[in-house]
Amino acid sequence: MELIQNTPDLSAYLAADEAIDHDHPVVRETAARLAEGVADSYAYARSAYEFVRDTIPHSQDSGDPRVTWRASDVLTRRTGICHAKAHALAALLRAEDIPTALCYQRLTYDDGGGHVVHGLVAVRFNGAWHRQDPRGNKPGVDAQFSLAGERLAFVPDPRADETDCPELYAGPHPAVLSALKAAPDRPSLSRALPTAL
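A few words now on the sheet that holds strand E5 (residues 163-164). With antiparallel pairing, four strands are arranged side by side in an open sheet as E4-E3-E2-E5. This sheet does not close on itself; its edge strands, each paired only once, are strand E4 (128-132) and E5. As judged from the nine bridges shared by strand E2 (residues 100-108) and strand E3 (residues 115-125), these two strands associate in the antiparallel manner. Residue pairing across strands places Leu102 opposite Val121, the latter belonging to E3.

The final tally for this structure, using the stated rule, is five aromatic pairs. Pairing Tyr42 with Phe125 gives two aromatic rings, centres 6.1 Å apart and planes at 75°, and the pair type is edge-to-face. With Tyr42 in helix H2 (residues 41-55) and Phe125 in strand E3, this pair connects stretches of sequence that are 83 residues apart. By way of ring pairs, the aromatic residues Tyr42, Tyr49, Phe125 and Phe145 are connected into one cluster.

If you check which residues of helix H1 (residues 25-35) are buried, you get Val27, Thr30, Ala31 and Leu34. Seen end-on, H1 carries its buried residues on one side only, within an arc spanning 100°. A positive backbone phi angle near 80° is found at Gly37, which sits one or two residues after H1.

Let us look at the packing of H1 against helix H5 (residues 82-95). Running from N to C, H1 and H5 point in directions that differ by 65°, and their axes come no closer than 9 Å. Taken together, the axes of H1 and H5 are roughly perpendicular relative to one another. Regarding H1 and H5, the two cross each other, and that crossing is right-handed. On the side of H1, the interface is formed by Val27, Arg28, Thr30, Ala31 and Leu34, while H5 contributes Ala91, Leu92 and Ala95. Among the residues making up the contact of H1 with H5, the classes are represented as six nonpolar, one polar and one charged.

Conventions used here
Residues numbered from 1 in each chain as written. Predicted model: local features only at pLDDT ≥ 70, side-chain atom pairs only at ≥ 80, totals over all residues. Heavy atoms only, no water. Pairing = 2+ DSSP bridges. Helix = DSSP H or I, 4+ residues; strand = E, 2+ residues; numbered from the N terminus. Phe/Tyr/Trp six-rings, centres within 6.5 Å; stacked < 30°, edge-to-face > 60°. Buried < 20%, exposed > 50% of the residue type's maximum accessible area, 1.4 Å probe, protein only. Arc of directions from axis to C-beta. Axes fitted to C-alpha atoms, helices over the stretch in contact; angles between N-to-C directions. Parallel < 35°, antiparallel > 145°, perpendicular 65-115°, else oblique. Left-handed = near helix turned anticlockwise from the far one by under 90°. Contact = heavy atoms within 4.5 Å. Nonpolar A, V, L, I, M, F, W, Y, C, P; charged D, E, K, R; others polar.

Interpretation note: all reported values are geometric properties and have no functional meaning in isolation.
Right, here's the structure in full:
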């Protein structure tokens, strides 16, 4: 699949916004700590990815009812669904001048009851975009940071009407961000997230 920048200007994928608030002190401090002792930007990107994947539990997996959506809140409260974790990773990467996009998949809910939009990121290295999924591993999910072929949490099944969305967004998709901001808790959010983009 060819990934398509929704915004032609690459600098947009380095910008801060209300969700990817990499100018926030919590994000800056976390990025500085992760950057200590790493050899290069690739090693930093892997470190940031593994930090978000492994130290911030996916709220559905952990049973945490809190909803986070702003990167600084995800890092402070240590919880979030896939979209929130993608915002946190994007902020940490952009804080170190690594162009990062938000991207999406349309997947079936775990219980098979309909579809939901799943969030992940793409990083730009060596003139190309590479998708990464920091949602967090669990039995049956083994996502890894990779520039040599995707190692995502999920591979869409076309027979189940699941799809990869090729667009790379500089900021969160408005439908996703609206659902995150309005939800009082994670169960409500599960019902409010878009089923397609």
